[in-house]
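# Descriptive analysis of the structure
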Amino acid sequence: MTVKENLAKITETIGQACENCGRSKNEITVIAVTKYVSIDRAREAVEAGIKDLGENRKDEFLEKYEAIGDDVNWHFIGSLQSRKVKDVINQVTMIHSLDRKSLAKEINKRANEPVQCFVQVNVSEEESKHGLHMEEVEDFIDLVKNYENIKIVGLMTMAPHTDDEEKLRGVFRQLRAQRDRIRDKHMPHAPCEYLSMGMSNDYALAIEEGATHIRIGSSLVG
Ligand SMILES: *Cc1c(COP(=O)(O)O)cnc(C)c1O
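Residues numbered from 1 in each chain as written. Predicted model: local features only at pLDDT ≥ 70, side-chain atom pairs only at ≥ 80, totals over all residues. Heavy atoms only, no water.

### What to know about the site of the ligand
Every residue lining the ligand is accounted for by Val33, Lys35, Tyr36, Ile77, Met156, Met158, Met199, Ser200, Arg215, Ile216, Gly217 and Ser218. Taking glycine 217, its main chain carries an N or O atom lying 2.8 Å from an oxygen atom of the ligand. Contact between the ligand and serine 218: an oxygen atom at 2.8 Å from a main-chain N or O atom of the residue. With the chains in place, 92% of the 390 Å² that the ligand exposes on its own is no longer accessible. Of the residues contributing to the shell around the ligand, the split by class is 7 nonpolar, 3 polar and 2 charged. (Near = heavy atom within 4 Å. Polar contact = N/O pair within 3.5 Å; in protein donor to acceptor, adjacent residues only side chain to side chain. Areas by Shrake-Rupley, 256 points an atom, 1.4 Å probe, with all protein chains shown as cover. Nonpolar A, V, L, I, M, F, W, Y, C, P; charged D, E, K, R; others polar.)

Okay, here's the thing in structure tokens:
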């Protein structure tokens, strides 16, 4: 399948999900996750109309960034080692994987201007997953309030790998409730308006539960 064909299908699904819950599809940013594919395939996504690309590794990110340039928004979605921050921080538009103070500190030090960050939350508390536990999130956001180069724009999660719709909705709902709590504090460093959740298998549900940024790899460019 071409990316264009895949995108047409996904756009239709997004439209349906938005209709189901009374949202506007303009609220949804589709991030094409190109981590499995070549530069050419990533370019094909951009030519099909994608404006946001996501990568989870430093080297692959830089390789694609050099080739494709910054007419698109670049999202860093993978766990980031502190020593690699300096190589990517002034190229990325958003970081989806802020999950510890040492990383926040390094971003704050290396960034030339404030960076839009999602705090990654391990809602389902699976051991294999990165991210803060739900009850750690508010303290963490408080901890970074004096870092002038960190802007907390939202929360991110990876849902468990399951077809259990109610389980998935439960995870997305919990993240949304936490987002609402933080957003409603109106903290200058943490507007926390966004929800980065939903991947190839679960993005329609994520949208119905409030996702603003969906990260789609295999079913879009795979
Ligand atoms: C790989 C990846 C995705 C995309 O996964 P698909 O199931 O291929 O859509 C989304 N988010 C993160 C953090 C990923 O690592």
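### Structural notes on the environment of leucine 220
Relative to the helices and strands, leucine 220 is located in helix H9 (residues 218-221). Along the sequence, leucine 220 and lysine 9 sit 211 residues apart, while their C-alpha atoms lie 9.1 Å from each other. Among all residues touching leucine 220, those that are not within four sequence positions of it are Val3, Asn6, Leu7, Ile10, Val30, Ala32, Arg41 and Ile50. (Helix = DSSP H or I, 4+ residues; strand = E, 2+ residues; numbered from the N terminus. Contact = heavy atoms within 4.5 Å.)

### Describing the pairing of strand S4 (residues 94-98)
Buried residues dominate S4, accounting for 5 of its 5 residues. Bridge analysis of strand S3 (residues 73-76) against S4 gives 2 bridges, and the strand direction is parallel. Note that in S4 the partner of phenylalanine 76 across the bridge is isoleucine 95. Regarding topology, helix H5 (residues 101-110) serves as the crossover connection from S4 to the parallel strand S5 (residues 115-120), and that connection is right-handed. (Buried < 20%, exposed > 50% of the residue type's maximum accessible area, 1.4 Å probe, protein only. Pairing = 2+ DSSP bridges. Right-handed = clockwise from strand over helix to strand, strands pointing away.)

### Thoughts on the UniProt feature "domain: Alanine racemase N-terminal" (unreviewed entry) in the chain
In the numbering used here, UniProt assigns the "domain: Alanine racemase N-terminal" (unreviewed entry) feature to residues 30-222. For residues 30-222, the helix share is 36%, the strand share is 19%, and the end-to-end C-alpha distance is 15 Å. (UniProt positions renumbered as here; feature names shortened; annotations may be inferred.)

### Some words on the nonpolar core
Counting residues in each nonpolar core, the largest one holds 66 residues, and the members touching the most others are Ile141, Leu155 and Leu220. If one sorts the elements of this core by residue count, helix H1 (residues 3-21) sits on top with 6 residues. (Core = buried A, V, L, I, M, F, W, Y, C linked by side-chain atoms within 4.5 Å.)

### Quick notes on the packing of aromatic side chains
Per the stated rule, a full pass over the model turns up 5 aromatic pairs. Ring geometry for phenylalanine 61 and tryptophan 74: centres 5.5 Å apart, planes at 75 degrees, overall edge-to-face. In this pair, phenylalanine 61 is assigned in helix H3 (residues 58-68) and tryptophan 74 in strand S3, connecting sequence segments 13 residues apart. We classify tryptophan 74 as buried; its relative accessible area is 0%. With 6.3 Å between their ring centres and 85 degrees between their planes, phenylalanine 61 and phenylalanine 76 make a pair best called edge-to-face. (Phe/Tyr/Trp six-rings, centres within 6.5 Å; stacked < 30°, edge-to-face > 60°.)

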